[in-house]
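What the coordinates show
Listed here are the chains, written in short residue letters.
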Amino acid sequence: MTTTRIAKPSILHACMIKQQLTIDDFEKEVLTLRNEITDHSEIASQEHRGGAERNEMLVRMEKELTFLKNELRVLENIDADVENDQVQLGAVVITDQRNFFISTSVELVEVNGQCLYGISNKAPIFSSMKGKKTGDAFEHAGVRYLILDVY
């Protein structure tokens, strides 16, 4: 099976766009929630418990937003021109089951009609494939993967 290599700069660009869109969505949600909290604190509200729940939600969302921004920085620091010969941060891993981009957990991205899963180097599946090369196999969650290409 021969697959045409997807240009790593295109993969990285798609991942960065997806991450930025997720950040934008979270920022809108955080702003909306902040405005609701502000509006409710100015008006004497009968839903006293609702305010506390909204505050907790805001804290959780702000933490997630910080995480997403840190993940974007990881993407920004990947050099798409580096050719990898083993599975590590920044590598594209083509297997007989799925294709992966070792970067951040952006999940599924489609580039030039091909799907790749952006996975973090903290993901359990990364531990199973770390350091492997083209022709190597690894197993994760009961599924055996044969690495067809690493770059």
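Above this text is the structure in question.
The rules behind the values
- Residues numbered from 1 in each chain as written.
- Predicted model: local features only at pLDDT ≥ 70, side-chain atom pairs only at ≥ 80, totals over all residues.
- Heavy atoms only, no water.
- Helix = DSSP H or I, 4+ residues; strand = E, 2+ residues; numbered from the N terminus.
- Salt bridge = Lys/Arg side-chain N within 4 Å of Asp/Glu carboxyl O.
- Buried < 20%, exposed > 50% of the residue type's maximum accessible area, 1.4 Å probe, protein only.
- Phe/Tyr/Trp six-rings, centres within 6.5 Å; stacked < 30°, edge-to-face > 60°.
- Lys NZ or Arg CZ within 6 Å of the ring centre and 35° of its normal.

**Structural notes on unusual backbone geometry**
The backbone phi angle of Asn 112 is positive, close to 50°, even though this residue is not glycine. Mapped onto the elements, Asn 112 comes out in the loop between strand 3 (107-111) and strand 4 (114-120). You will see that Ala 141, though not glycine, has its phi angle at about 50°, which is positive. Relative to the elements of secondary structure, Ala 141 occurs in the loop between strand 5 (137-140) and strand 6 (143-150).

**Describing the pattern of salt bridges**
Applying the stated rule across the entire model yields four salt bridges. For the salt bridge of Glu 83 with Arg 5, the shortest nitrogen-to-oxygen distance reads 2.7 Å. Here Glu 83 is found in the loop between helix 2 (48-76) and strand 1 (92-95), whereas its partner Arg 5 is found in the segment before helix 1 (8-42), with 78 residues between them in sequence. Look at Arg 5 and you get partly exposed, because its relative accessible area is 40%. With a closest N to O distance of 2.8 Å, Arg 5 and Asp 149 form a salt bridge. Separated by 144 residues along the polypeptide, Arg 5 in the segment before helix 1 and Asp 149 in strand 6 bring together distant segments of the chain. One connected set of salt bridges, linked through shared partners, spans Arg 5, Glu 83 and Asp 149.

**So, the packing of aromatic side chains**
Summed over the entire model, instances satisfying the criterion amount to three aromatic pairs. A ring pair is formed by Phe 100 and Tyr 145, whose centres lie 6.0 Å apart and whose planes are at 65°; its orientation type is edge-to-face. With Phe 100 in strand 2 (residues 99-103) and Tyr 145 in strand 6, this residue pair connects regions lying 45 residues apart in the sequence. For Phe 100, a relative accessible area of 2% translates into the label buried. A relative accessible area of 7% means that Tyr 145 is categorised as buried. Centre to centre, the rings of Phe 138 and Tyr 145 are 4.8 Å apart; their planes meet at 5°, and the pair counts as stacked. Grouping residues by exposure puts Phe 138 and Tyr 145 together as buried. Put simply, the rings of Phe 100, Tyr 117, Phe 138 and Tyr 145 touch in pairs and so form one group of aromatic residues. The ring of Tyr 117 has Arg 98 sitting right over it, with the charged end atom 4.5 Å from the ring centre.

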